[in-house]
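# Report on the structure
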Amino acid sequence: MNKVKINSDAELKDRLVAINRVTKVTKGGRTFTFAAIVVVGDGKGVIGYGLGKAGEVTSAIAKGTEAAKKNLYKVPVLKGTVPHEIEVKYGGAQVLLKPAATGTGLKAGGAMRAVLESAGISDVIAKSKGSSNAHNLVKATILALSQMRDAYQIAGDRGISMDRVFNG
(Lines give C-alpha, C1' and ligand atoms only; values in the text may rest on other atoms or scores of the structure.)
Protein backbone atom coordinates (compact mmCIF):
# COMPACT_ATOMS: atom_id res chain seq x y z
CA MET A 1 0.00 0.00 0.00
CA ASN A 2 1.17 3.49 -0.84
CA LYS A 3 0.97 5.36 2.46
CA VAL A 4 1.58 9.07 2.05
CA LYS A 5 2.63 11.93 4.33
CA ILE A 6 0.82 15.16 3.44
CA ASN A 7 1.50 18.70 4.66
CA SER A 8 -1.13 20.03 7.04
CA ASP A 9 -1.82 22.90 4.60
CA ALA A 10 -2.96 20.47 1.89
CA GLU A 11 -6.59 21.03 0.95
CA LEU A 12 -8.31 17.86 2.14
CA LYS A 13 -12.10 17.79 1.96
CA ASP A 14 -13.91 15.54 4.40
CA ARG A 15 -17.10 13.58 3.74
CA LEU A 16 -19.23 11.87 6.32
CA VAL A 17 -20.06 8.34 5.18
CA ALA A 18 -22.07 6.91 8.08
CA ILE A 19 -23.06 7.54 11.69
CA ASN A 20 -23.87 4.67 14.03
CA ARG A 21 -25.66 5.11 17.35
CA VAL A 22 -24.38 2.64 19.90
CA THR A 23 -26.39 1.90 23.04
CA LYS A 24 -24.87 0.52 26.22
CA VAL A 25 -27.34 -0.70 28.83
CA THR A 26 -26.18 -0.55 32.43
CA LYS A 27 -27.83 -0.75 35.84
CA GLY A 28 -28.30 3.02 35.78
CA GLY A 29 -29.96 3.09 32.34
CA ARG A 30 -28.94 3.47 28.74
CA THR A 31 -25.95 5.46 27.51
CA PHE A 32 -25.78 6.49 23.87
CA THR A 33 -22.53 7.04 21.98
CA PHE A 34 -21.93 7.71 18.31
CA ALA A 35 -19.45 6.22 15.83
CA ALA A 36 -18.77 8.18 12.64
CA ILE A 37 -16.80 6.99 9.62
CA VAL A 38 -15.27 9.86 7.64
CA VAL A 39 -13.42 9.93 4.30
CA VAL A 40 -10.99 12.72 3.36
CA GLY A 41 -9.43 13.41 -0.03
CA ASP A 42 -7.88 16.14 -2.14
CA GLY A 43 -9.60 15.12 -5.39
CA LYS A 44 -6.21 14.36 -6.99
CA GLY A 45 -5.53 10.79 -5.88
CA VAL A 46 -4.90 11.19 -2.14
CA ILE A 47 -7.49 9.54 0.09
CA GLY A 48 -7.90 8.47 3.71
CA TYR A 49 -10.53 7.21 6.12
CA GLY A 50 -11.03 7.38 9.86
CA LEU A 51 -13.39 6.25 12.59
CA GLY A 52 -14.36 8.57 15.42
CA LYS A 53 -16.32 7.61 18.53
CA ALA A 54 -17.77 10.08 21.03
CA GLY A 55 -20.80 10.98 23.13
CA GLU A 56 -21.89 13.64 20.64
CA VAL A 57 -22.21 13.46 16.85
CA THR A 58 -20.07 16.55 16.16
CA SER A 59 -17.25 15.26 18.37
CA ALA A 60 -17.36 11.86 16.66
CA ILE A 61 -17.13 13.49 13.22
CA ALA A 62 -14.20 15.68 14.32
CA LYS A 63 -12.35 12.66 15.73
CA GLY A 64 -13.03 10.69 12.55
CA THR A 65 -11.67 13.54 10.41
CA GLU A 66 -8.48 13.74 12.49
CA ALA A 67 -8.00 9.97 12.25
CA ALA A 68 -8.54 10.09 8.48
CA LYS A 69 -5.87 12.77 8.02
CA LYS A 70 -3.35 10.48 9.74
CA ASN A 71 -4.25 7.54 7.46
CA LEU A 72 -3.69 8.72 3.86
CA TYR A 73 -3.03 6.73 0.68
CA LYS A 74 -1.93 7.77 -2.82
CA VAL A 75 -3.95 6.09 -5.57
CA PRO A 76 -3.44 6.27 -9.35
CA VAL A 77 -6.10 8.21 -11.28
CA LEU A 78 -5.80 8.17 -15.09
CA LYS A 79 -8.02 10.62 -17.02
CA GLY A 80 -10.61 10.55 -14.24
CA THR A 81 -10.88 6.76 -14.03
CA VAL A 82 -9.04 3.78 -12.57
CA PRO A 83 -6.15 2.17 -14.50
CA HIS A 84 -7.57 -1.37 -14.61
CA GLU A 85 -10.31 -3.66 -13.32
CA ILE A 86 -9.96 -5.03 -9.79
CA GLU A 87 -12.03 -7.07 -7.36
CA VAL A 88 -11.20 -7.01 -3.63
CA LYS A 89 -12.76 -8.54 -0.55
CA TYR A 90 -12.53 -7.07 2.95
CA GLY A 91 -14.49 -8.84 5.67
CA GLY A 92 -17.97 -9.51 4.29
CA ALA A 93 -17.77 -6.71 1.72
CA GLN A 94 -16.61 -7.39 -1.81
CA VAL A 95 -16.11 -4.57 -4.33
CA LEU A 96 -15.56 -4.54 -8.10
CA LEU A 97 -14.09 -1.48 -9.83
CA LYS A 98 -13.97 -1.17 -13.64
CA PRO A 99 -12.53 1.68 -15.71
CA ALA A 100 -15.09 3.63 -17.74
CA ALA A 101 -14.99 5.97 -20.73
CA THR A 102 -15.04 9.73 -20.20
CA GLY A 103 -18.60 10.95 -19.65
CA THR A 104 -19.86 7.69 -18.10
CA GLY A 105 -20.03 9.21 -14.63
CA LEU A 106 -19.64 7.64 -11.23
CA LYS A 107 -21.72 4.46 -11.22
CA ALA A 108 -21.36 3.62 -7.54
CA GLY A 109 -23.57 3.79 -4.50
CA GLY A 110 -23.34 4.78 -0.87
CA ALA A 111 -20.01 4.38 0.84
CA MET A 112 -18.13 3.54 -2.37
CA ARG A 113 -19.33 6.76 -4.03
CA ALA A 114 -17.96 8.89 -1.16
CA VAL A 115 -14.54 7.23 -1.38
CA LEU A 116 -14.30 7.48 -5.19
CA GLU A 117 -15.44 11.13 -5.28
CA SER A 118 -12.92 12.07 -2.58
CA ALA A 119 -10.14 10.43 -4.60
CA GLY A 120 -11.05 12.49 -7.66
CA ILE A 121 -12.37 9.62 -9.76
CA SER A 122 -15.20 10.83 -12.00
CA ASP A 123 -15.77 7.93 -14.43
CA VAL A 124 -15.95 4.39 -13.06
CA ILE A 125 -18.31 1.44 -12.84
CA ALA A 126 -18.38 0.02 -9.33
CA LYS A 127 -20.31 -2.87 -7.88
CA SER A 128 -20.72 -3.83 -4.25
CA LYS A 129 -21.18 -7.54 -3.64
CA GLY A 130 -21.84 -9.12 -0.28
CA SER A 131 -22.19 -6.99 2.83
CA SER A 132 -23.46 -3.40 2.63
CA ASN A 133 -21.77 -2.47 5.93
CA ALA A 134 -20.40 1.04 5.37
CA HIS A 135 -17.24 0.44 7.43
CA ASN A 136 -16.19 -2.63 5.45
CA LEU A 137 -17.21 -1.08 2.11
CA VAL A 138 -14.99 1.95 2.74
CA LYS A 139 -12.07 -0.26 3.75
CA ALA A 140 -12.56 -2.59 0.76
CA THR A 141 -12.76 0.32 -1.69
CA ILE A 142 -9.61 1.97 -0.33
CA LEU A 143 -7.83 -1.40 -0.36
CA ALA A 144 -8.82 -1.88 -4.02
CA LEU A 145 -7.63 1.63 -4.94
CA SER A 146 -4.34 1.20 -3.08
CA GLN A 147 -3.64 -2.07 -4.96
CA MET A 148 -4.07 -0.33 -8.34
CA ARG A 149 -0.91 0.18 -10.42
CA ASP A 150 -0.54 2.46 -13.42
CA ALA A 151 1.74 1.93 -16.41
CA TYR A 152 4.59 3.93 -14.85
CA GLN A 153 4.63 1.77 -11.70
CA ILE A 154 4.60 -1.47 -13.70
CA ALA A 155 7.38 -0.23 -16.00
CA GLY A 156 9.43 0.78 -12.96
CA ASP A 157 8.93 -2.65 -11.39
CA ARG A 158 10.19 -4.24 -14.62
CA GLY A 159 13.17 -1.91 -14.81
CA ILE A 160 11.98 -0.14 -17.95
CA SER A 161 12.01 3.64 -18.34
CA MET A 162 8.88 5.15 -19.87
CA ASP A 163 11.07 7.26 -22.19
CA ARG A 164 12.21 4.04 -23.84
CA VAL A 165 8.60 2.90 -24.24
CA PHE A 166 7.47 6.08 -26.00
CA ASN A 167 10.65 6.94 -27.90
CA GLY A 168 11.65 3.44 -29.02
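That block above? That's the structure.
The text that follows walks through the structure, step by step, so that each part is easy to find. Nothing here was measured: the structure is a model prediction, and the numbers come from that model. (Residues numbered from 1 in each chain as written. Predicted model: local features only at pLDDT ≥ 70, side-chain atom pairs only at ≥ 80, totals over all residues. Heavy atoms only, no water.)

Right, let's get into the pattern of salt bridges. The full count for this structure, using the stated rule, is three salt bridges. Between glutamate 87 and lysine 129 there is a salt bridge, with its nearest N and O atoms 3.2 Å apart. Residue glutamate 87 is located in strand S5 (residues 86–90), and its partner lysine 129 is located in strand S8 (residues 124–130); the two are separated by 42 residues in the primary sequence. Looking at lysine 129, the relative accessible area reads 32%, which means it is partly exposed. Where glutamate 117 meets arginine 113, a salt bridge forms, and the shortest distance between an N and an O atom there is 3.4 Å. With glutamate 117 and arginine 113 both in helix H2 (residues 110–119), this residue pair falls four residues apart, about one helical turn. Accessibility expressed as a relative area gives 30% for arginine 113, which makes it partly exposed. (Salt bridge = Lys/Arg side-chain N within 4 Å of Asp/Glu carboxyl O. Helix = DSSP H or I, 4+ residues; strand = E, 2+ residues; numbered from the N terminus. Buried < 20%, exposed > 50% of the residue type's maximum accessible area, 1.4 Å probe, protein only.)

Before going further, it helps to spend a moment on helix H3 (residues 134–146). Residue pairs three or four apart in sequence face the same way in an α-helix, which turns once every 3.6 residues. Given a rise of 1.5 Å per residue, 13 residues ought to cover 18 Å, and the 18 Å separating the end C-alpha atoms of H3 matches this to within 8%. Judged by how many residues are buried, H3 sits mostly within the fold: 12 of 13 residues are covered. Looking at H3, one finds that the buried residues are Ala134, His135, Asn136, Leu137, Val138, Ala140, Thr141, Ile142, Leu143, Ala144, Leu145 and Ser146. N-cap assignment for H3: the residue whose side-chain oxygen lies 3.0 Å from the backbone N of histidine 135 is asparagine 133. (Expected span 1.5 Å × (residues − 1). Polar contact = N/O pair within 3.5 Å; in protein donor to acceptor, adjacent residues only side chain to side chain.)

Within the secondary structure, threonine 81 is located in the loop between strand S4 (72–74) and S5. Polar side-chain contacts of threonine 81 include one of 3.1 Å to the backbone nitrogen of alanine 100.

Any functional reading would require information beyond the geometric quantities listed.
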